[in-house]
Amino acid sequence: MREKIHIFDTTLRDGEQSPGCSLNIQEKLKIAKRLELLRVDVIEAGFAIASPGDFASVKAIAETVKDCRVASLSRVLKKDIDAAWEAIKMAAAPRIHTFIATSDIHMQYKLKMSPDAVLQQAVDGVKYAKGFCNDVEFSAEDASRSNPEFLYRIFEAVIKAGATVINVPDTVGYTMPEEFFKLIKGIKENVSNIDKATISVHCHNDLGMAVANTIAAAKAGATQLECTINGIGERAGNAALEELVMTFHTRRDLYNYDLNIDTTQIYPTSRLVSKLTGVKVQPNKAIVGNNAFAHESGIHQHGVLANRETYEIMTPESVGLTQNKMVLGKHSGRHAFEDRLKDLGYQLPKVDIDKIFDDFKLLADKKKVVYDGDLEALVQNKNGVQKEVYKLKEFVINSGNLITATATIKLSKDGEEMTCASTGDGPVDAALKAVDNMIDDHFVLEEYSLNAVSEGKDAQGEVIVRISSNKTNRLYLGRGLSTDIVESSIKAYLNAINKLLNELEFHGEVKLNEK
Ligand SMILES: CC(=O)SCCNC(=O)CCNC(=O)[C@H](O)C(C)(C)COP(=O)(O)OP(=O)(O)OC[C@H]1O[C@@H](n2cnc3c(N)ncnc32)[C@H](O)[C@@H]1OP(=O)(O)O
Ligand SMILES: CC(C)C(=O)C(=O)O
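Residues numbered from 1 in each chain as written. Chains lettered and ligands numbered in written order. Predicted model: local features only at pLDDT ≥ 70, side-chain atom pairs only at ≥ 80, totals over all residues.

## Digging into the overall build of the protein
And then number 1: When its secondary structure is counted, the protein shows 16 helices and 18 strands.
And then number 2: In summary, the protein has a C-alpha radius of gyration of 30 Å against a globular reference of 24 Å for 515 residues, an excess of more than 25%.
And then number 3: Each principal axis of the C-alpha distribution contributes one length, and for the protein these read about 95 × 55 × 40 Å.
And then number 4: Within the span of the protein, comprising 515 residues, buried residues form 42% of the whole.
And then number 5: A sequence separation of at least 24 residues applies to 66% of the contacts in the protein between residues at least 6 apart. (Helix = DSSP H or I, 4+ residues; strand = E, 2+ residues; numbered from the N terminus. Rg over C-alpha atoms; globule rule 2.2 N^0.38 Å. Buried ≥ 20, exposed ≤ 12 C-beta atoms within 10 Å, placed from the backbone. Contact = placed C-beta atoms within 7 Å.)

## Focus: the pairing of strand E13 (residues 390-398)
And then number 1: Bridging between E13 and strand E14 (residues 405-413) involves 8 bridges; their strand directions are antiparallel. Pairing of Tyr390 across the sheet is with Lys413, part of E14.
And then number 2: Here E13 folds back onto E14, and the loop between the two strands holds 6 residues. (Pairing = 2+ DSSP bridges.)

## Overview of the sheet that holds strand E6 (residues 136-141)
And then number 1: Taking strand neighbours around the barrel as the criterion, the 8 strands line up as E2-E3-E4-E5-E6-E7-E8-E9 in a closed arrangement whose pairing is parallel. Neighbour to neighbour, the strand axes of the sheet diverge by 25° on average, direction disregarded.
And then number 2: Two strands pair when backbone bridges link them, and strand E7 (residues 165-170) and strand E8 (residues 198-203) are joined in this way by 6 bridges, in the parallel orientation. Bridge pairing in E8 links Val168 to Val201. (Axes fitted to C-alpha atoms, helices over the stretch in contact; angles between N-to-C directions.)

## Remarks on the UniProt feature "domain: Pyruvate carboxyltransferase" (unreviewed entry) in the protein
And then number 1: UniProt's entry tags residues 5-267 with the feature "domain: Pyruvate carboxyltransferase" (unreviewed entry), counted in the numbering of this structure.
And then number 2: Across residues 5-267 one finds 43% helix and 18% strand; the C-alpha atoms that close the span lie 21 Å apart. (UniProt positions renumbered as here; feature names shortened; annotations may be inferred.)

## Here's the deal with the pairing of strand E17 (residues 461-469)
And then number 1: Bridge count between strand E16 (residues 444-452) and E17: 8 bridges; the pairing is antiparallel. Counterpart to Glu447 in the pairing with E17 is Arg466.
And then number 2: The antiparallel pairing of E17 with strand E18 (residues 474-482) creates a hairpin that spans 4 residues between the two strands, and Asn473 there sits at a positive phi of about 60°.

## So, the nonpolar core
And then number 1: Counting 96 residues, the largest nonpolar core has Ile7, Ile43, Val70 and Ile184 as the members making the most contacts within it.
And then number 2: Here this core gets 7 residues from one element, more than from any other, and that element is helix H8 (residues 210-220).
And then number 3: Excluding anything up to four places from it in sequence, Ile7 contacts Val40, Asp41, Leu225, Cys227, Leu241, Val245, Leu259 and Ile261.
And then number 4: One finds Tyr390, Ala407, Ile467 and Val486 within the second-largest nonpolar core, a separate group that totals 27 residues. (Core = buried A, V, L, I, M, F, W, Y, C linked by C-beta atoms within 7 Å.)

## Some remarks on the site of ligand 2
And then number 1: The full set of residues close to ligand 2 is Asp14, Phe99, Ser139, Glu141, Asn167, Pro169, Thr171, His202 and His204.
And then number 2: At the level of secondary structure, the elements contributing two or more residues to the shell around ligand 2 comprise E6 and E7.
And then number 3: Taken together, the residues of the shell around ligand 2 break down into 2 nonpolar, 5 polar and 2 charged. (Near = placed C-beta within 6 Å. Nonpolar A, V, L, I, M, F, W, Y, C, P; charged D, E, K, R; others polar.)

## A look at the environment of Pro316
And then number 1: Examined against the element boundaries, Pro316 turns out to sit in the loop between helix H11 (298-306) and strand E12 (325-326).
And then number 2: Given 17 C-beta atoms within 10 Å, Pro316 falls into the partly exposed group.
And then number 3: Sequence separation between Pro316 and Ala294 is 22 residues, and the spatial gap between their C-alpha atoms is 9.8 Å.
And then number 4: For Pro316, the residues in contact, after removing those within four places along its chain, are Phe293, Leu321, Gln323 and Asn324.

## Observations concerning the environment of Asn256
And then number 1: With respect to the helices and strands, the residue Asn256 is situated in the loop between helix H9 (241-250) and strand E10 (257-258).
And then number 2: Exposure remark for Asn256: the 10 C-beta atoms within 10 Å place this residue in the exposed category.
And then number 3: Along the primary structure Asn256 and Asn190 are separated by 66 residues, whereas in three dimensions their C-alpha atoms are 25 Å apart.
And then number 4: Aside from chain neighbours lying at most four places away, what touches Asn256 is Arg2 and Glu3.

## Description of the site of ligand 1
And then number 1: Among the 15 residues in the neighbourhood of ligand 1, the closest are listed as Phe47, Ala50, Arg75, Val76 and Ile100.
And then number 2: Those elements that provide at least two residues to the shell around ligand 1 are strand E5 (94-101) and helix H4 (104-111).
And then number 3: For the shell around ligand 1, the class distribution of residues is 8 nonpolar, 2 polar and 5 charged.

## Brief notes about the UniProt feature "binding site: Mn(2+)" (unreviewed entry) in the protein
And then number 1: Feature annotation in UniProt places "binding site: Mn(2+)" (unreviewed entry) on Asp14, His202, His204 and Asn238, given in this structure's numbering. The annotated residues occupy 225 residues of the chain but converge on a single region, no pair of C-alpha atoms lying more than 10.1 Å apart.
And then number 2: Turning to its location among the elements, Asp14 is positioned in the loop between strand E2 (6-9) and helix H1 (25-38).
And then number 3: Excluding anything up to four places from it in sequence, Asp14 contacts Thr228, Gly233, Glu234 and Asn238.
And then number 4: Examined against the element boundaries, Asn238 turns out to sit in the loop between strand E9 (224-227) and H9.
And then number 5: Looking at Asn238, the number of C-beta atoms within 10 Å reads 32, which means it is buried.
And then number 6: With residues near it in sequence (within four places) discarded, Asn238 still touches Thr10, Asp14, Gly15, Cys203, His204, Asn205, Ala210, Cys227, Thr228, Gly231 and Gly233.

Next up, the structure:
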């Protein structure tokens, strides 16, 4: 039997407590919808009493999200619990999450309350919350620095009062995995009614142990794990959801757990949270960092090209990325270099590759990363400087659902301008046909793809085309970038045609003007 693990996402509550991470209602709703797609079990939407804005956000999330439980945090105070309930009561599955600190230092200096008074207030708070909502989570803040005997007492009392989940936070990220394992085991063994509640943990990352501690707790019997996207949260943050989930996913041999999460939503969710909070993901961050699936060293690249499992313990696709990245730099080797050239449409004789590879290493010593454009320049350099034979001057498109698309294109070649109009099956087809009519050569459009390279309605569209020529038997790749997809299509097409013409000139097939 596989143990069911519930993922409690607190990006919108503890994550939002990171300095500078405050989100408005629209932003919180966007993230909540993403978390629903990610299929977390519980979304902690906020701390309803914190501000009118947070109240409204929690309420909006509760009214929108249907497939996850929605929780609001509250102190064990009636006014907090009232606000929490008021905000979440329309949720398909509401939860009140109430807490009070249980460590000596917090009780003495912060709350100025005796342990008995804290226990009584916790019980009263849970009972009061239970009057509204069947699902009540109780957290013993700073549990890992609390007296375990007191923890057993308070957990037993709140479960008796109706708590369905008892949460054990390592509030200040102080504990170590073996210690936390023992604490959870102690709770399981010493709280007489523990079978009536779910054990949850909530770990902070002050010593970089949040994920390790959470995993140790799961091993000891915790079945709800609290975490955040990208590990954001108070101070050094919380356990990162993506790291926990992918650990269980990748090491099934060690962890026989059943999770609801759709791992392919991890990467888009991470990017959305980073964009909306303004907190950048460090490049070497596990799972979602820019370098998590990137290879720069020749030995690694060679291994990955032969079999990606040589250096990848999970697939980029499993976390929602389309592919790994081969970054070309000074540590790269010939295998990756040649592979990239092929991908760009250059199938060159070995002597040429050897020459360009030497130039590439010289360039890589000067540049941190050698991009595709640099490679193309190196190839063209070998073939002589690339000439932009045909240039786009102007274009006009007439298109609509009731008329045939017409494109009028003005190009220049060697300073002379030419214009042609054509109809087509849509504006892109019409535009490329008009280009075909002006350029008298034998090539065929083999591939066409369009991708947004930035987000939003004004995203730049990058068109990539590959054309073939029966004169050279190879493919020529062209790229074009613009906020107008017809313009990026024309530019990409001309870019590929110009490459073909340069190559034909190199082989003496055509003569191009020097201009
Ligand atoms: C470990 C955690 O992450 S806990 C969650 C932390 N998150 C937040 O604090 C974010 C939202 N917080 C807020 O907006 C505000 O702090 C509020 C609205 C909750 C309270 O604001 P204020 O009333 O101005 O109080 P303030 O924050 O200055 O002090 C906290 C008060 O709550 C009391 N308190 C703290 N925790 C608890 C608790 N769990 N139960 C009951 N009382 C508590 C403190 O003793 C203090 O009481 P006092 O005002 O009588 O001295
Ligand atoms: C309120 C609790 C769960 C908390 O955030 C913490 O202790 O860190």
